[in-house]
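Working through the structure, step by step
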Amino acid sequence: MGAGRLYAAVARGGFRRYATYRSATAAGVFTNTVFGLILAYTFIALWDAKPHLGGYDQAQALTYVWLGQALLAVMAVMGGGFEEELIERIRTGDIAIDLYRPADLQLWSLAQDAGRALFHLLGRGVVPLAFGAVFFDLALPADPLTWIAFIVAVVLGVLVSFSIRYLVALSAFWLLDGAGVTQLALIAGIFCSGMMLPLNVFPGALGEFVRALPWSSLVQAPVDVLLGTADPLPTYAFQGAWALGLLGLGRLLQSAATRRVVVQGG
């Protein structure tokens, strides 16, 4: 089997794996919808008090809410992807088997995560967004090219999300327990991705700082592409630069971890 076919099979396996948890998916859809309702009415009150906050009108702000709920599981903003299993395998030493396999650990994990993300986009993303579109006045575009541009930004956001979580998982090679780094990444993901509040409403230097961090690629960047408040090409360049940089750093840490395992094994 060629490398491309191998990783495609791994991605399909990742999709099927998450598709088996139907009760968990239904619970996730329900949770995203309820949380979306809470945020939607909070945003309505906030935008009534401060119209055009962050450069959005109320319809755009509500669209932001429901797109954020649709992307929450896709981007694994709060974790729940491959990283937990990888950290456990590092802790137990089973990771040595993975590193000695002919398949590349980073690409294998990326393929698994791609399957997970696709399932969550279809399984947990569509329903909350459709619910929001039915019961609220959303600013969803009619142009299919805008939706295509949005999907490209989502794909790049998933790459950035994977890269961050891969680094978090690899930290267990040196820290032995990845819980602390995982919690820090969770907090950063919640507040710096734009999941709770659009990063555009953050004032001054703080707003510029959080928008420059890689987590803004997860929610803020794709949503702005769909809303038409950001040009797609510069957004792609920003997301792509972070993805390439973080994937490269992950590759370096993986190489260092492999040498560490070989030395200890020898």
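Calculation rules
Per chain, residues are indexed from 1 in the order of the written sequence. Where local features are concerned, this predicted model is filtered to residues with pLDDT of at least 70; where side-chain atom pairs are given and counted, the filter is 80 or more; whole-chain, interface and lining totals use all residues. Excluding hydrogens and water, the side-chain values take into account all heavy atoms of the structure. The way it works is that DSSP assigns letters per residue, a run of H or I at least four long becomes a helix, a run of E at least two long becomes a strand, and they are numbered from the N terminus. Only the C-alpha atoms count toward the radius of gyration. The rule for a globule is 2.2 Å times the residue count to the power 0.38. Working definition: with a 1.4 Å probe on protein chains only, accessible area under 20% of the residue-type maximum means buried, over 50% means exposed, and in between means partly exposed. Method for areas: the Shrake-Rupley scheme with a 1.4 Å probe, in which residue coverage is limited to the protein chains shown. Working convention for charge: Lys and Arg count positive, Asp and Glu count negative, and His plus the chain ends are omitted. Just so you know, the charge point we use is NZ for Lys, CZ for Arg, CG for Asp and CD for Glu. The term salt bridge refers to a pairing of a side-chain nitrogen on Lys or Arg with a carboxyl oxygen on Asp or Glu at a separation within 4 Å. Pairs were defined over the aromatic rings of Phe, Tyr and Trp, the Trp ring being its six-membered one, requiring ring centres within 6.5 Å. Orientation was assigned from the angle between planes: stacked under 30 degrees, edge-to-face over 60, tilted for the rest. The criterion used for residue contact is that any of the two residues' heavy atoms lie within 4.5 Å. UniProt positions are given in the numbering used here, feature names are shortened, and annotations may be inferred rather than shown by experiment. Lines fitted to C-alpha atoms define the axes, with helix axes restricted to the stretch in contact, and inter-axis angles between N-to-C directions lie between 0 and 180 degrees. Angle categories: roughly parallel below 35 degrees, roughly antiparallel above 145, roughly perpendicular from 65 to 115, and oblique for all the rest. Left-handed describes a crossing in which the near helix is turned anticlockwise from the far one by less than a right angle; the clockwise case is right-handed. Gly is placed with the polar residues, together with every amino acid not listed as nonpolar (Ala, Val, Leu, Ile, Met, Phe, Trp, Tyr, Cys and Pro) or charged (Asp, Glu, Lys and Arg). The span one expects for a helix is its residue count, reduced by one, times 1.5 Å. Throughout this description, a polar contact denotes any pair of N or O atoms lying within 3.5 Å of each other; where both atoms belong to protein, one of them has to be capable of donating a hydrogen while the other can accept it, and for residues adjacent in sequence the pair is counted only when both atoms sit in side chains.

1. Observations regarding the overall build of the protein chain
Across its full length, the protein chain carries twelve helices and zero strands. Counting from the amino terminus, the protein chain carries its helices and strands in the arrangement α-α-α-α-α-α-α-α-α-α-α-α. For the protein chain, whose C-alpha radius of gyration is 19 Å, the value lies close to the compact-globule estimate of 18 Å for 266 residues. Each principal axis of the C-alpha atoms in the protein chain carries an extent, and together these give about 65 × 40 × 30 Å. Expressed as a percentage of its 266 residues, the buried residues of the protein chain come to 47%. For the protein chain, the exposed area adds up to about 12,800 Å²; of that, 69% sits on carbon and sulfur atoms. Of the side chains in the protein chain, 16 bear a positive and 16 a negative charge, and the two mean positions are spaced by 11 Å.

2. A few points about the pattern of salt bridges
Scanning the model with the defined rule gives seven salt bridges in all. The shortest N-O distance in the salt bridge between Glu 83 and Arg 165 comes to 3.0 Å. Within this pair, whereas Glu 83 is found in helix α4 (residues 83–92), its partner Arg 165 is found in helix α7 (residues 144–170), the two being separated by 82 residues in sequence. Assessed through its relative accessible area of 5%, Glu 83 is described here as buried. The residue Arg 165 makes a salt bridge to Asp 113 at a minimum N-O spacing of 2.6 Å. Of this pair, Arg 165 sits in helix α7 while Asp 113 sits in helix α6 (residues 105–135), placing them 52 residues apart in sequence. Here the salt bridges do not stand alone but share partners, grouping Glu 83, Asp 113, Arg 116 and Arg 165 into one network.

3. Overview of the packing of aromatic side chains
Throughout the structure, instances matching the rule amount to twelve aromatic pairs. Consider the rings of Trp 66 and Phe 131, whose centres lie 5.7 Å apart with planes at 55°: the pair is tilted. Placement of Trp 66 in helix α3 (residues 58–72) and of Phe 131 in helix α6 is noted, with a sequence separation of 65 residues between them. Overall, Trp 66 belongs to the buried group, its relative accessible area being 0%. Members of the aromatic cluster, connected to one another through ring pairs, are Tyr 41, Trp 66, Phe 131, Phe 135 and Phe 136.

4. Points about the side chain of Ser 217
Along the polypeptide, Ser 217 turns up in the loop between α10 (204–212) and α11 (220–227). The contact partners of Ser 217, leaving out residues within four places of it in the chain, are Gly 157, Val 160, Pro 222, Phe 238 and Gln 239.

5. Quick notes on the UniProt feature "transmembrane region" (unreviewed entry) in the protein chain
Sequence positions flagged by UniProt for "transmembrane region" (unreviewed entry) are, in local numbering, residues 21–44, 64–82, 121–140, 146–168, 175–197 and 236–253. Within the segment residues 21–44, helix and strand shares are 96% and 0% respectively, and the terminal C-alpha atoms sit 34 Å apart. Split by type, residues 175–197 is 65% helix and 0% strand. Its first and last C-alpha atoms lie 32 Å apart.

6. Concerning the packing of helix α1 (residues 3–19) against α6
Packing of α1 against α6 brings their axes to within 7 Å, and their N-to-C directions diverge by 45°. Viewed along their axes, α1 and α6 adopt a mutual orientation that is oblique. Judged by the twist between their axes, the crossing of α1 over α6 is right-handed. On α6, the residues that touch Leu 6, Tyr 7, Val 10, Ala 11, Gly 14, Phe 15, Tyr 18 and Ala 19 of α1 are Leu 107, Trp 108, Ala 111, Gln 112, Gly 115, Arg 116, Leu 118, Phe 119, His 120 and Leu 122. For the contact of α1 with α6, the class distribution of residues is 13 nonpolar, four polar and one charged.

7. Digging into unusual backbone geometry
Positive phi, normally seen in glycine, also occurs at His 52, with a value near 65°. Relative to the elements of secondary structure, His 52 occurs in the loop between α2 (22–49) and α3. His 52 sits in the exposed class, given a relative accessible area of 56%.

8. Quick notes on α7
With 27 residues, α7 should reach 39 Å at 1.5 Å per residue; the first-to-last C-alpha distance of 39 Å fits that figure. Backbone nitrogen of Leu 145 and a side-chain oxygen of the N-cap are separated by 3.1 Å at the start of α7; the cap is Asp 143.

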